[in-house]
Amino acid sequence: MSETQTAAVVEQFGQPYTIKQMPRPKDPRGQDILIRVLAASYCHTDAVFAAGLLSQGLPRIGCHEFAGEVVVVGPDVPSSRGMVVGRRVGVPGRAYHPCGTCFECTHPGQDEMGYSPYCPYAGNLGLTRDGGFQEYCLVDSRQVALLPESLPTTQAAPLMCAGLTIWSALQHERVKKAQRVGIIGAGGGLGHIGLQFAAHLGKDVFAINATDHAVELIRKVKTNLGEAGKRVQVSDARTEDPDVIRSKGQPVANVSPTEIGLDAVILLPESQKSFDMGMKLLRNHGTMVVVSFPKDKLAVSAHDLVFRDITLVGSLVGRNHQLREMLEFVVKYQVQVQVNTFPFDRLNELRGPTNHGEGGKLVIDMTL
Ligand SMILES: [Zn+2]
Ligand SMILES: [Zn+2]
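Naming follows an unreviewed UniProt entry, where the protein appears as Enoyl reductase (ER) domain-containing protein of Bionectria ochroleuca. Quoted verbatim from the Cofactor (unreviewed entry) heading of the UniProt record, the comment on the protein is "Zn(2+)". The record in UniProt for the protein states the following under Sequence similarities (unreviewed entry): "Belongs to the zinc-containing alcohol dehydrogenase family."

A. Main features of the packing of helix α3 (residues 153-170) against helix α10 (residues 320-333). It is at 10 Å that the axes of α3 and α10 come closest, and there the two elements cross at 95 degrees. Relative to α10, the element α3 lies roughly perpendicular. Of the residues in α10, those touching α3 at Leu159, Met160, Gly163, Leu164, Trp167 and Ser168 are Gln322, Leu323, Glu325, Met326, Leu327, Phe329 and Val330.

B. Quick look at the coordination of the zinc ion (ligand 1). Taken together, the protein ligands of the zinc ion (ligand 1) are Cys43 (SG), His64 (NE2) and Cys161 (SG), with distances of 2.1 Å. For Cys43, a relative accessible area of 7% puts it in the buried group.

C. Just the coordination of the zinc ion (ligand 2), in detail. For the zinc ion (ligand 2), the protein coordination sphere consists of Cys99 (SG), Cys102 (SG), Cys105 (SG) and Cys119 (SG), at 2.3 to 2.4 Å. Here the zinc ion (ligand 2) binds four donor atoms, and the angle range of 99 to 118 degrees at the metal identifies the geometry as tetrahedral. Counting residues between consecutive donors of the zinc ion (ligand 2) along the chain gives the motif C-x2-C-x2-C-x13-C. For Cys105, a relative accessible area of 3% puts it in the buried group.

D. Quick peek at the nonpolar core. Counting 47 residues, the largest nonpolar core has Leu159, Leu195, Phe197, Ile266 and Met326 as its most contacted members. If you list the elements that add at least two residues to this core, you get α3, β9 (180-184), α5 (189-200), β10 (204-209), α6 (212-224), β11 (232-236), β12 (262-267) and α10. Per element, the largest residue contribution to this core is nine residues, and it comes from α3. Lining this core are residues from two domains, each supplying at least three of them: domain 1 (4-164 + 318-365) and domain 2 (173-314). The residues touching Ile266, leaving out its near neighbours within four places in the chain, are Ile166, Ala169, Leu170, Val181, Gly182, Ile183, Ile184, Val289 and Val291. In this structure, Ala8, Val37, Tyr42 and Phe344 belong to the second largest nonpolar core, which totals 35 residues.

E. The domain arrangement of the protein, seen in detail. Partitioning the protein into domains gives domain 1 (4-164 + 318-365) and domain 2 (173-314). Of note, the centres of domain 1 and domain 2, computed from C-alpha atoms alone, are 29 Å apart. The interface of domain 1 with domain 2 comprises 19 residues on the first partner and 17 residues on the second. Overall, the association of domain 1 and domain 2 removes approximately 1500 Å² of surface from exposure, summing both partners, and the carbon and sulfur fraction of that is 67%. Viewed at the interface, domain 2 and domain 1 are joined by three residue pairs in polar contact (both at pLDDT 80 or more). Secondary-structure elements contributing two or more residues to the side of domain 1 that touches domain 2 are α1 (44-50), α3 and α10. Classifying every residue of the side of domain 1 that touches domain 2 gives nine nonpolar, eight polar and two charged.

F. A look at the pattern of salt bridges. Scanning the entire structure with this criterion turns up 14 salt bridges. We note a salt bridge from Lys20 to Glu11, for which the minimum N-O separation is 2.7 Å. For Glu227, the salt bridge identified is with Lys230, shortest N-O distance 3.1 Å. Just as Glu227 is exposed, Lys230 falls in that class too. Three or more residues are tied together by salt bridges with common partners; here these are Glu3, Arg24 and Asp27.

Calculation notes
Residues numbered from 1 in each chain as written. Chains lettered and ligands numbered in written order. Predicted model: local features only at pLDDT ≥ 70, side-chain atom pairs only at ≥ 80, totals over all residues. Heavy atoms only, no water. UniProt positions renumbered as here; feature names shortened; annotations may be inferred. Axes fitted to C-alpha atoms, helices over the stretch in contact; angles between N-to-C directions. Helix = DSSP H or I, 4+ residues; strand = E, 2+ residues; numbered from the N terminus. Parallel < 35°, antiparallel > 145°, perpendicular 65-115°, else oblique. Contact = heavy atoms within 4.5 Å. Donors = N, O, S within 2.8 Å, 3.2 Å for Na, K, Ca; no water. Buried < 20%, exposed > 50% of the residue type's maximum accessible area, 1.4 Å probe, protein only. Tetrahedral: all angles 85-135°; square planar, octahedral: opposite > 155°, others 65-115°. Core = buried A, V, L, I, M, F, W, Y, C linked by side-chain atoms within 4.5 Å. Domains from an automatic or database assignment. Buried area = accessible area lost by both parts, 1.4 Å probe. Polar contact = N/O pair within 3.5 Å; in protein donor to acceptor, adjacent residues only side chain to side chain. Nonpolar A, V, L, I, M, F, W, Y, C, P; charged D, E, K, R; others polar. Salt bridge = Lys/Arg side-chain N within 4 Å of Asp/Glu carboxyl O.

Structure representation (structure tokens):
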């Protein structure tokens, strides 16, 4: 293994990545493993970070959703974890070196190994620690998952943030109980994965978007779902009224107006307009799950909370046990991530609004 490697570094906010030769990460200590990166997915948060809108410092190697193969195992990694040289692993950005002792890490319901994506002492690969836009990366054996043999690496990488985030939202206890579930932004990176998850979970899915490209992707995913696709209602928010969307599939006669609507709505776009639409789609006692985090505040009508008993919750990337459950589910139901792959030296082409957010996920294939 060479002592140097190619890496893409954010050296200045608002500037392209500097793609350069630099020393590869040192051999792992403790519970860490060194992996050779095989696929690295470009997330919206990478763009937000590179634009300087988060508080972390520079220089930094970005990417917090990637996959690779183990090349060196740290001395304290238990063999029971199965992380042997040559095994492929998927890496979510959170949580590098969780403390294992804080409230977040020990609260009942957490992973047995003390992992929490909320641990305030843990690092975030691609944000506070170097991430996957490099040939080799140091990762924490506690934060990663072994990849199923049949799952291609370029499919696995975008599941590590986009997939796990939307999986986590669907696993929220209030969404689990919901039957009629809306996904606003269903034709985007998270959305098109989420609508497959939701359909295979047996939900009646209301897949909503507002661009030609996104609506086209939703229709394509619905077709590919076959039988499960029959549970997916496709809506174009530009032309369909929320009152029409919310009553689809429901007998409007003989039902009181407060019973009509969706049980839960998952909000993916970063806009007040989308939020307002989601609120209109919910029936009384419904749940709004906020996944996006716009820079400005979202305005919520207290009227909706008080008179309609709407519950508003947020949802972050999932936990380690959810990561493993998601991977099993992906293989079982053959969930397909729509990916566009690029060689590493074209990473800078993925920046900018034209290339992300719609039509699937952008993934660097390090083997190209
Ligand atoms: Zn992400
Ligand atoms: Zn902790």
